[in-house]
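# Structure at a glance
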Amino acid sequence: MMKHQERTISIIGAGALGMLFGTYSYLSGYNVQYITRRKKQASLIEEKGISVTLGDGQTVQYVPQAFACDEIKAPLVADLVLVVVKQPQLLELLPWLSNYVAPWSELLFLMNGLGHKEKVEHFLPKHTVMYGITQCGATRLSDWETMERGKGVTMIGSPQGLNPPGVQRWKNAIAPYLEIVYSDDIEAELWSKAMINACINPITALFEVPNGALITNKHLNWMMREVYEELIPLFSKVWGENHPLVSAGEALWKKVINVCQQTAENRSSMLQDIVHHRKTEIEALNGYFVHLSERYGLKLTVNQLLYKAILALEEKSTTSR
């Protein structure tokens, strides 16, 4: 079904970021394949193509291959497999990846939150795996349309210090459209991004406000600071007081503020999930920190309150549909 073509990338997950990164790859000369969970979405993509409006107003349209997961009967053949799904979908996807991504294929997992690294290592122990975080933002308009909502650095790396050739080729090719930086401590970067999201996303979702409101509204800003202050002792326990994540003082808080400023008009992914009656990534953010803190005898009161509040909103959202 899928014949090898030079420089092929398989995008697992055709959400907002999946379509955005697929479009960057298409513009870089890659043959793009989308693998979706729903057959309806795959059919729409093959019928209508992908349409992405970039930040400069340019709209890029192209018709890639698209397949639903259950249509795949043989291992994918691609230079790189980019997994861009949200944490709630990952656990059910990993057995599929172990069956349909050949061990010699290179995978790059690009997602928010924590906990996925352990799951990936359990299901894919023989695969070449990279992890990434991105400052790019996008809003999905439909099953085949999305809009770029901010651009920044995408950081990738491997806990084993790998720099596989397929990822390197993609990085070089995509450079005109996306800035990619290698990190020699990607796990620390994942934790840093998770803290930033834990400070911002649940508050914006609960109060239905854009990210910038967490700076302009003094009460919301106080709440965000409380989330941050609670997490510092946990970071100190896990990473040690001398690790840059902990020893840099207010540097991480400044990152939180900078993200709010740079994405002031954006609605967080968690707010969008609540509005569209989808499961959020709260388990991989505040929930992950709350559960981990119990091992160290710490109590994250504000984080636990936000965690339970988002779970309550999820439950209300699904039962009221």
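Here, the structure is the one placed above.
Remember, predicted model here, so these are calculated numbers, not experimental data.

Helix length check: helix 6 (residues 186-207), at 22 residues, gives a terminal C-alpha distance of 32 Å against a target of 32 Å (1.5 Å per residue), a fit within 8%. Largest kink in helix 6: about 30°, centred on Asn197. With respect to burial, helix 6 is a largely interior element, 18 of its 22 residues being buried. Trailing helix 6 by a residue or two, Glu208 shows a phi angle of about 55°, which is positive.

Here we take up the environment of Glu189. Along the chain, Glu189 turns up in helix 6. Among the residues examined, Glu189 registers a relative accessible area of 23% and is labelled partly exposed. Glu189 sits 33 residues away from Ile156 along the chain, and the two C-alpha atoms are 9.0 Å apart. For Glu189, the contacting residues outside a window of four places in its chain are Ile133, Met155 and Ser183.

So, on to the sheet that holds strand 8 (residues 128-134). What the eight strands build is an open sheet, ordered 5-2-1-6-7-8-11-12; its pairing is mixed. Edge positions in the open sheet fall to strand 5 (65-68) and strand 12 (180-182), since each of these has one partner strand only. Taking the axes of each pair of neighbouring strands and ignoring which way they run, one obtains an average angle of 25° across the sheet. Pairing of strand 11 (residues 154-157) with strand 12 involves three bridges; the strand directions are parallel. The residue of strand 12 that forms the bridge with Thr154 is Ile180.

With that settled, consider the nonpolar core. Core analysis: the largest hydrophobic core is formed by 68 residues, its most contacted members being Val83, Leu97, Phe109, Met224 and Phe289. Considering every element that reaches this core, the biggest residue donor is helix 6, with 12 residues. Listed in part, the 35 residues of the second largest apolar core include Leu20, Ala42, Ile45 and Cys136.

What follows is about the pattern of salt bridges. What the rule picks out here adds up to 11 salt bridges. Among the salt bridges present, the one from Lys117 reaches Glu121, with a minimum N-O distance of 3.1 Å. One end of the pair is Lys117 and the other is Glu121, both in helix 4 (residues 116-123) and four residues apart, which spans about a single turn. Looking at Lys117, the relative accessible area reads 14%, which means it is buried. Judged by its relative accessible area of 35%, Glu121 is partly exposed. Put simply, Lys151 and Glu148 hold a salt bridge, and the shortest N to O gap is 3.9 Å. A single salt-bridge network, built from bridges that share partners, covers Arg38, Arg140 and Asp143.

Taken in spatial order, the four strands of this open sheet run 4-3-10-9, and their pairing is mixed. Where the open sheet ends on each side, the last strands, each with one partner, are strand 4 (59-62) and strand 9 (138-140). The mean angle between the axes of side-by-side strands here comes to 20°, regardless of whether they run parallel or antiparallel. In this sheet, strand 10 (residues 145-148) lies alongside strand 3 (residues 50-53) in parallel orientation, the contact comprising three bridges.

So, about helix 10 (residues 251-262). Here helix 10 contains 12 residues, and its C-alpha end-to-end distance of 16 Å stays within 8% of the 16 Å for a straight helix at 1.5 Å per residue. If you check which residues of helix 10 are buried, you get Leu252, Trp253, Val256, Ile257 and Cys260. Each buried residue of helix 10 sits inside an arc of 150° when the element is viewed along its axis, so together they form one side. Helix 10 presents Lys254 and Gln262 as exposed residues on the side facing more than 90 degrees away from its buried surface.

With that settled, the discussion passes to the state of the cysteines. Considering all chains together, one arrives at zero disulfides under this definition. Cys260 provides the cysteine sulfur closest to Cys136, a residue in no disulfide bond, and the two sulfurs are 18 Å apart. Sulfur of Cys199: no disulfide; nearest cysteine sulfur belongs to Cys260 and is 8.5 Å away.

One number sums up the size of the second largest pocket: a volume of about 260 Å³. Forming the walls of the second largest pocket are 15 residues, and the residues nearest its centre are Leu114, Lys119, Glu283, Ala284 and Tyr288. Every element with two or more residues in the lining of the second largest pocket is listed here: helix 3 (87-100) and helix 12 (286-293). Its residues placed into classes, the lining of the second largest pocket shows six nonpolar, four polar and five charged.

Evaluation of the coordinates by the stated rule reveals 11 aromatic pairs. For the ring pair Trp96 and Tyr100, a centre distance of 5.4 Å and an interplane angle of 35° mean the geometry is tilted. Of the two residues, Trp96 and Tyr100 both sit in helix 3, four residues apart, roughly one turn of that helix. On the basis of relative accessible area, Trp96 is assigned to the buried category, the value being 12%.

About the cut-offs
- Along each chain, the written sequence defines residue order, and numbers are assigned to residues from 1.
- Since the coordinates come from a predicted model, pLDDT governs what is reported: local features require at least 70, and pairs of side-chain atoms require 80 or more to be given and counted, while whole-chain, interface and lining totals use all residues.
- Neither water nor hydrogens contribute to the side-chain values; these are computed over all heavy atoms in the structure.
- What counts as a helix is a DSSP run of H or I of at least four residues, what counts as a strand is a run of E of at least two, and both are numbered from the N terminus.
- One less than the number of residues in a helix, times 1.5 Å, gives the span that helix is expected to have.
- What we call the bend at a residue is the angle made by axes fitted to the seven residues finishing there and the seven residues starting there.
- Partly exposed residues are those whose accessible area sits between 20% and 50% of the maximum for their type, while under 20% is buried and over 50% is exposed, using a 1.4 Å probe and protein chains only.
- Contacts: residue pairs with any heavy atoms within 4.5 Å of one another.
- At least two DSSP bridges between two strands are needed for those strands to be called paired.
- Convention adopted: a line fitted to C-alpha atoms gives each axis, helices being fitted over their contacting stretch, and angles between N-to-C directions are expressed from 0 to 180 degrees.
- What makes a nonpolar core is a set of buried Ala, Val, Leu, Ile, Met, Phe, Trp, Tyr and Cys residues whose side-chain atoms join them at distances within 4.5 Å.
- Basic side-chain nitrogens of Lys or Arg form a salt bridge, by our definition, when they fall within 4 Å of a carboxyl oxygen of Asp or Glu.
- Comment: arc refers to directions from the helix axis out to C-beta atoms.
- Whenever a pair of cysteine sulfur atoms sits within 2.5 Å, that pair is classed as a disulfide.
- We place a 1 Å grid over just the protein atoms. Points where a 1.4 Å probe fits but has no way out form a cavity, open points with protein on both sides within 12 Å along at least 5 of 7 lines form a pocket, and any residue with an atom within 4 Å of a point lines it.
- Grid points are joined across faces, edges and corners, and a volume is the space filled by probe spheres set on the points.
- Three categories are distinguished: nonpolar for Ala, Val, Leu, Ile, Met, Phe, Trp, Tyr, Cys and Pro, charged for Asp, Glu, Lys and Arg, and polar for the others, with Gly belonging to the last.
- Stacked, tilted and edge-to-face pairs are distinguished by plane angle, under 30 degrees for stacked and over 60 for edge-to-face with tilted covering the rest, among Phe, Tyr and Trp rings (Trp via its six-membered ring) whose centres lie within 6.5 Å.

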